[in-house]
Amino acid sequence: MARPNEHKAFSYREDPNVPDFDDDGLIAVMDGDCAVCSLGARLIARFDRREQFKICIVQSQTGTALVEHYGLDPQDPETWLFLENGKAWSGMEAIIRIGEGLGGIGRVSTAMRILPQPFREWLYRRIARNRYRFGRTDMCALPDERLRRRLMNSRKRRHANSNFEQ
C-alpha cells in the first residue's frame with residue numbers, strides 16, 4: 001500500500017518544490033483521468049454543503065508536488081492524498097475521513113471501520129489498481145459549477161515533449 005511519509009502538519013509549506021496554494025480547508029488530491037476518482041470528486045462536490053473541500057488533480061503541478069513531498073509516486077495507481085489540517089492521509093482511511101468531513105450520507109463510509117484495516121487497504125488497492133477498467137474521463141472537462149468551485153490548479157502539467165496542455 002502506498003502510504004504517505006510521516007511529516008509534521010503543513011510540512012509542504014516549507015518544501016520549495018511545492019507551489020504556494022490556498023490550503024485552508026480539506027484537500028483531496030486524486031487522479032484527474034480516472035472515472036472512479038471523477039465520480040468521487042463529483043460526490044464530494046454534491047455532498048459538501050459547507051464547501052470546505054478542495055480537489056486537486058494529481059496531474060497538476062501542485063498535485064504532483066504534494067504527492068512527491070509525501071514520498072508517493074504520481075504514476076502509482078494507489079497514489080492519492082487527503083489533507084486535513086495539514087496532515088496527509090491515503091488509502092481507505094482517507095476515504096473514511098472524507099466521508100466524516102462531508103457528514104450526512106458521507107458518514108456511511110465510517111462503516112468500513114468494522115473491517116480489519118489490512119482488509120480495508122487490500123480492498124482499496126484492488127480498486128485502485130483496476131480503476132481504469134471502470135473507464136477514463138477528464139475530471140476538469142466541463143465540470144458542473146459545484147465541482148468547478150472546488151478544483152485547484154485544474155490545468156494539467158505540460159509534457160516536456162509537447163507544446164500543449166494535456
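Bear in mind that the values here come from a model prediction, so they are computed numbers and not experimental data. (Residues numbered from 1 in each chain as written. Predicted model: local features only at pLDDT ≥ 70, side-chain atom pairs only at ≥ 80, totals over all residues. Heavy atoms only, no water.)

### Points about the overall build of the protein
Inference 1: Helix and strand counts for the protein stand at five helices and five strands.
Inference 2: Helices (α) and strands (β) of the protein occur, in sequence order from the N terminus, as β-α-β-α-β-β-α-α-α-β.
Inference 3: Relative to its 166 residues, the protein shows a buried fraction of 48%.
Inference 4: Counting only contacts in the protein whose residues sit at least 6 apart along the sequence, the fraction spanning at least 24 positions is 69%. (Helix = DSSP H or I, 4+ residues; strand = E, 2+ residues; numbered from the N terminus. Buried < 20%, exposed > 50% of the residue type's maximum accessible area, 1.4 Å probe, protein only. Contact = heavy atoms within 4.5 Å.)

### A word on the confidence of the model for the protein
Keep in mind that low pLDDT regions are not for reading the predicted coordinates in detail.
Inference 1: In the predicted model, the protein carries a mean pLDDT of 82, and the fraction of residues at 70 or more is 81%.
Inference 2: For the stretch residues 154-166, pLDDT sits under 50, and the model shows 24 contacts to residues farther than four places along the chain or on other chains. (pLDDT = per-residue confidence, 0-100.)

### With respect to helix H1 (residues 35-47)
Inference 1: Helix length check: H1, at 13 residues, gives a terminal C-alpha distance of 18 Å against a target of 18 Å (1.5 Å per residue), a fit within 8%.
Inference 2: By the burial criterion, the buried members of H1 are Ala35, Cys37, Ser38, Ala41, Ile44 and Ala45. (Expected span 1.5 Å × (residues − 1).)

### A word on the sheet that holds strand S2 (residues 53-57)
Inference 1: Judged by pairing direction, the sheet is mixed, and its five strands sit side by side in the order S4-S3-S1-S2-S5 without closing on themselves. Edge positions in the open sheet fall to strand S4 (87-89) and strand S5 (151-152), since each of these has one partner strand only.
Inference 2: Across two bridges, S2 lies against S5 in parallel orientation. Bridge pairing in S5 links Cys56 to Met152. (Pairing = 2+ DSSP bridges.)

### Observations regarding the pairing of strand S3 (residues 81-84)
Inference 1: Bridge count for strand S1 (residues 26-30) against S3 is three bridges, and the pairing is antiparallel. Bridging from a neighbouring strand, Ile27 pairs with Leu83 of S3.
Inference 2: Taken together, the three bridges between S3 and S4 define a ladder with antiparallel strand orientation. When the bridges of S4 are listed, Glu84 appears paired with Lys87.
Inference 3: In this antiparallel pair of consecutive strands, S3 and S4, the connection spans two residues, and Asn85 shows a positive phi of 55°.

### Things to note about the packing of aromatic side chains
Inference 1: Here the structure, examined in full by the defined rule, presents four aromatic pairs.
Inference 2: Here the aromatic residues Phe10, Tyr12 and Phe21 are joined through ring pairs into a cluster of three or more.
Inference 3: Over the ring of Phe10 we find Arg13; its NZ or CZ atom is 4.0 Å from the centre of that ring.
Inference 4: One cation-aromatic arrangement involves Arg97 over Trp89; the distance from NZ or CZ to the ring centre is 3.5 Å. (Phe/Tyr/Trp six-rings, centres within 6.5 Å; stacked < 30°, edge-to-face > 60°. Lys NZ or Arg CZ within 6 Å of the ring centre and 35° of its normal.)

### Some remarks on the nonpolar core
One recurring pattern in soluble globular proteins is that nonpolar side chains are buried together.
Inference 1: Judged by nonpolar contacts, the single largest core of 22 residues is most densely connected at Met30, Ile44, Phe53, Ile55, Trp80, Phe82 and Ile98.
Inference 2: When residues in this core are grouped by element, the largest group, five residues, is from helix H3 (residues 91-102).
Inference 3: Here Ile44 is in contact with Ala28, Met30, Phe53, Ile55, Ile98, Leu102 and Arg150, once residues within four sequence places are set aside.
Inference 4: Formed by 16 residues, the second largest nonpolar core is a distinct cluster that contains Val18, Cys56, Ala65 and Leu81. (Core = buried A, V, L, I, M, F, W, Y, C linked by side-chain atoms within 4.5 Å.)

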